[in-house]
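# Architecture at a glance
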Amino acid sequence: MKAMIFEKFGQAKDVLQWVELDKPVVQAGEVLVKLYTSAVNPSDVKKRAGAFPELLNNGEIIPNSDGAGVIEAVGEGVPKARIGERVWVYQAQHDRRFGTSAEFIRIESKRAAHLPDEASFEVGACLGIPAMTAHRCVFADGTVKSKKVLITGGAGRVGFYAIQWAKISGAFVIATASNSQDKETCLSLGADAVVDHTGHDFTQQILQASDGDLIERVIDVEFGANLEAVLNVVKIGAVIATYSSTQEPEPQLPFYKMMYLDLTLRCVIVYSMPESAKSMAITDIEKALKNHRLTHQIKTVLPLSEAVKAHELVGSGKIRGCVILSI
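Notes on the structure in this doc start here. (Residues numbered from 1 in each chain as written. Predicted model: local features only at pLDDT ≥ 70, side-chain atom pairs only at ≥ 80, totals over all residues. Heavy atoms only, no water.)

Here we take up the nonpolar core. In this structure, Trp88, Leu127 and Trp165 are the most contacted members of the largest nonpolar core, which totals 52 residues. Those elements giving two or more residues to this core turn out to be α3 (121-124), α4 (127-139), β8 (148-151), α5 (157-168), β9 (172-177), α10 (275-290) and β15 (322-326). Aside from chain neighbours lying at most four places away, what touches Leu127 is Trp88, Leu115, Met132, Tyr161, Ile285, Leu289 and His296. By size, the runner-up hydrophobic cluster in this structure holds 21 residues, among which are Phe202, Leu227, Ala229 and Ile240. (Core = buried A, V, L, I, M, F, W, Y, C linked by side-chain atoms within 4.5 Å. Buried < 20%, exposed > 50% of the residue type's maximum accessible area, 1.4 Å probe, protein only. Helix = DSSP H or I, 4+ residues; strand = E, 2+ residues; numbered from the N terminus. Contact = heavy atoms within 4.5 Å.)

In the structure shown here, the tally under the stated rule is one cavity of 30 Å³ or more. In this model, the largest cavity occupies a volume close to 40 Å³. Taken together, Pro130, Arg157, Phe160, Tyr161, Gln297, Gly321 and Cys322 make up the full set of residues lining the largest cavity. A per-element tally of the lining of the largest cavity places α5 first, with three residues. Classifying every residue of the lining of the largest cavity by side-chain character gives four nonpolar, two polar and one charged. (1 Å grid on protein atoms, 1.4 Å probe; cavity = no way out; pocket = protein on both sides within 12 Å on 5 of 7 lines; lining within 4 Å. Points joined across faces, edges and corners; volume = space filled by probe spheres on them. Nonpolar A, V, L, I, M, F, W, Y, C, P; charged D, E, K, R; others polar.)

One non-glycine residue with positive phi stands out, namely Gln91, at about 60°. Among the secondary structure elements, Gln91 is positioned in the loop between β5 (86-89) and β6 (104-108). For Asp95, which is not glycine, the phi torsion reads 60° and is therefore positive. Relative to the assigned elements, Asp95 resides in the loop between β5 and β6.

And the structure:
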């Protein structure tokens, strides 16, 4: 099979290689998926660049955790009825070497979720990291119905889905954006208000948008950078669910202020989510896809042979939405 691999860390153009590998042989409890799409996420770019030095200890890596395709074979213990099923794959290159940047993948059956006919393979590749992370952030601490929810970076990969999950569930959503295009995106997804997170009056904008009510839930893309402002707008007992802190990777916490707010801080990453949370996300994603309740942000589709360009686009940090490789 054809695949894109790396055998050392570095820039995409220096380390990604287009190679021919043996087709995987399915094992017990696994499915063999003929892949049609693979998504490049920021975590894939960071792994390739060397964020996890031990990653290459056992040999070359086929990058990318998300993708979609059709089950071609099943291992012992997996119902044969799954052969021919359309699926979306998640967590493919976590604690294992072989991700979705290839024509085929063998993977645990539970990591290949049913993809309804209503969704394309391109959509399927968007679901693993962005949609599941957003689902966990919104629902991990109970219902958001009728709650005031603040979603920072609402036009980003995760924020894009978080707005939709929160609105599907009946929340009042205040999103943040840094330009008019992102503001329009957030509003189109159902956000009740959008504020400019680059302004000096950030907190005042939020409170004005919420009619003076303090915020009960926060889904945050830049925890360290936003913490001071967020603590000025949340109510006692609020939850901050965060999945990134790029600008300040080791933020200092004002412990006593957070303690007196009885604040819950939830740090979210798909790989470490409880299996029950993954199952809940998969169930809700399938239902939403069947009912056309989710909008998707597919920005670029490139052939697998152009994986270098895809990694460079995502690594630039300037592109919103999913970058997809067509296989």
